Amino acid sequence: MKNKSEAHSNQPNNHSVKDDHSPDGHDHHDENDHGDHSHHDHHKMMVQDFKFRFWWVLALTIPILALSPMIQQFMGVDWSFSGDEWILAALSTVVFFFGGWPFLTGLVDELKEKQPGMMTLIGLAISIAYLYSTAVVFGFEGDLLYWELATLVGIMLLGHWVEMRSVMSASSALEELAELIPGEAHLVKEDGSTEDVSVDQLQKGDKVLIKPGEKVPADGIVVDGKSSVNEAMLTGESKPVDKTDGDEVIGGSVNEKGSLTIEISKTGDDSFLSQVMNLVKEAQESKSKTQDLANRAAFWLTIIAITAGLLTFGAWIFFTGESFDFAMNRTVAVMVITCPHALGLAIPLVVSMSTSIAASNGFLIRNRVAFEQARNLDAVIFDKTGTLTEGTFTVTDILNFDDEFSDDEILKYAASLETNSEHPLAKGILEKADDTFDVEEFDSITGKGIQGRANGKSVKVVSPGYIREQEINYPEEQVEEISSQGKTVVFVVIDDSLAGAIALGDQIRESSKSAIKALHEMGIECIMLTGDNQQTAEYVAGELDMDQVFAEVLPDEKADKVKEVQGQGKLVAMTGDGVNDAPALATADIGIAIGAGSDVAVETGDIVLVKNNPKDVTALIKLSKSTYGKMVQNLFWATGYNVVAIPLAAGTLYAWGIILSPAVGAILMSLSTVIVAINARLLKLEE
């Protein structure tokens, strides 16, 4: 099983891009908050540091190019004057030490760790170019390559800046989770009065008043009041849950209608939300670190550069009897050829292009390594509510049990009463109805429905439980068939006679079926994960032709289900939108968050689907494959020319009068950079 990775293990410690997804949020009960925020701030500072150094180096590179004899000769101009080489040397010294400092320190760090990579290669190349050119200024026979030094440092800084900005995805998931808990709570005193206190001060056994529209401050038990509580962001259940005396409520859920008084049962690390936060943190911190393609290529190119340089110098000195100057020129030519201008941009340019293409097609890449892994996906796990379905209730069927009323009239009477309700089912009925009657004597039937007078008639909109309790006959088979499709049925009673029933369902997204079909055609297994009951889950899964379904899964079990599929040796993506999906998103090899969902899901996901369109899952997999292909092509262009250029620079064809000077080597290297840039621009999303 492959794991997610977003680390650049070959970066220097003081300029590292350690995107290990370590949580940057603030848990009120976590003593390590300062370190998490410091890591996030440090990463931002590193991005700004590369940006700052790049602009300064770019400004200094212009006069360096203008003063370089080789550039003047190429342009057919003569801007030389007395002492110009010393000005050139001074400007280049600033570029070398100021602009090249991250790479020089990186070279030292990598050599200390005995893991030479990109930093070693860059540090070696700029050091040779600087020392060689400085020796020429002091009388050594050769060409000034300060322009090569300046352009190399500038391009490397640009490459790292672009790459770091693209992969900067230090998650603020824990911050988003913490924000679900309100800052204050209405503490009920012994005399019945209330006092607003900080949530941090709440203790087990305290009684708290929760008014309509407010968030529940902590886990507790209802001791007074009746209401419905929206727990969708925490449990994934789209329908608000009725709460009365003795029922449990979860901190972070939203009280929708009546006032509730609860007795606090859990605080701090014992609370449901804290447990979710811990699951997210553990999953994020467990991700492994691997080298990316460029680092692996840089490692081997470093070995080749050093080996080829030493062999070239030794061969000319000890076997041909050539002068030291000649041998050094050959060695420098070899080292210049291996300068990784193109290699430094090979990956970042493709990353930048793929990020732009993805954004224009409705999904945002937050974790580059996970995105690149998407091309090898074996299975995609979808959360049901809000991902495969709309997450909102819509009238799907109207059942007519009385010829006296038409379907539209049954709907109109029901909608009239529902104008006084904030329940999601009410919203679904009201959206379907064209008109309503004025309502009088409106009242609720505790836990069973609502009642009132509309158009001069007594009207009740009630649950199946009320119908059974009143022993009212109804076509049970017809209602059971509707219910078996995962729909919710409410009955409409007019003047104490059962007039009909209205069925509401969480509509399957139109794009879900085509997305599942496309994934199947790509050989990817599709799995549905939901907290809904087995009957509802199996109906939706059957409609979408899912390969497997996990139903009635508790929030803290979702990550375990992801691990279960991973345990089969499969590379797994998780797609979801709720807080309850956050641990699963973080645990999966690739977390795909629905952008219209909760902020925490978005912040935990590696890729964010902005348009709430499951078909974008297939699009991102296709783009991942195209992106990887471009990366491989660019690495070939960035390093492949060395196969021909290094032997020529070393002087293997010197006997036939063919020799590659450092200047020509630099031009070849620059040509490779241009090819890489053009090739990256050709990246596109395959249909």
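Residues numbered from 1 in each chain as written. Predicted model: local features only at pLDDT ≥ 70, side-chain atom pairs only at ≥ 80, totals over all residues. Heavy atoms only, no water.

The protein chain is annotated in an unreviewed UniProt entry as Copper-translocating P-type ATPase of Rhodohalobacter barkolensis. Here the protein chain is described in UniProt, under the heading Subcellular location (unreviewed entry), as follows: "Cell membrane". Entered under Sequence similarities (unreviewed entry) in the UniProt record, the comment concerning the protein chain runs "Belongs to the cation transport ATPase (P-type) (TC 3.A.3) family. Type IB subfamily." (UniProt positions renumbered as here; feature names shortened; annotations may be inferred.)

(A) Structural detail: the overall build of the protein chain. The number of helices and strands found in the protein chain is 26 helices and 22 strands. Counting the 687 residues in the protein chain, one finds 54% classified as buried. For the protein chain, restricting intrachain contacts to residue pairs at least 6 apart in sequence, the fraction spanning at least 24 positions comes to 69%. For the protein chain, the accessible area works out to roughly 29300 Å², and carbon and sulfur atoms hold 53% of it. (Helix = DSSP H or I, 4+ residues; strand = E, 2+ residues; numbered from the N terminus. Buried < 20%, exposed > 50% of the residue type's maximum accessible area, 1.4 Å probe, protein only. Contact = heavy atoms within 4.5 Å. Areas by Shrake-Rupley, 256 points an atom, 1.4 Å probe, with all protein chains shown as cover.)

(B) Summary view of the sheet that holds strand 5 (residues 227-230). Ordered in space as 6-5-8, the 3 strands form an open sheet in which the pairing is antiparallel. The sheet is open, and its two borders are formed by strand 6 (241-243) and strand 8 (254-255), each paired with just one other strand. (Pairing = 2+ DSSP bridges.)

(C) Summary view of a negative patch on the surface. On the surface, a cluster of negative charge is contributed by Glu-404, Asp-407, Asp-408, Glu-409 and Asp-434. Within the element layout of this structure, Glu-409 appears in helix 15 (residues 407-418). Residue Glu-409 is classed as partly exposed on the basis of its relative accessible area of 35%. (Patch = residues over 30% accessible without salt bridge, like charges linked within 9 Å, V, L, I, M, F, W, Y side chains within 5 Å. Salt bridge = Lys/Arg side-chain N within 4 Å of Asp/Glu carboxyl O. Lys, Arg positive; Asp, Glu negative; His and termini not counted. Charge placed at Lys NZ, Arg CZ, Asp CG, Glu CD.)

(D) Structural view of helix 15. Taking 1.5 Å as the rise per residue, helix 15 with 12 residues should run 16 Å; its terminal C-alpha atoms sit 17 Å apart, in good agreement. Every buried residue of helix 15 is accounted for by Ile-410, Leu-411, Tyr-413, Ala-414, Ala-415, Ser-416, Leu-417 and Glu-418. (Expected span 1.5 Å × (residues − 1).)

(E) Summary view of the packing of helix 19 (residues 510-521) against helix 24 (residues 615-640). With their axes 7 Å apart at the nearest point, helix 19 and helix 24 run at an angle of 35° to one another. In this structure, helix 19 contributes Ser-511, Ser-514, Ala-515, Ala-518 and Leu-519 to the contact, and helix 24 contributes Lys-615, Val-617, Thr-618 and Ile-621. Tallied by class, the residues present in the contact of helix 19 with helix 24 amount to 5 nonpolar, 3 polar and 1 charged. (Axes fitted to C-alpha atoms, helices over the stretch in contact; angles between N-to-C directions. Nonpolar A, V, L, I, M, F, W, Y, C, P; charged D, E, K, R; others polar.)

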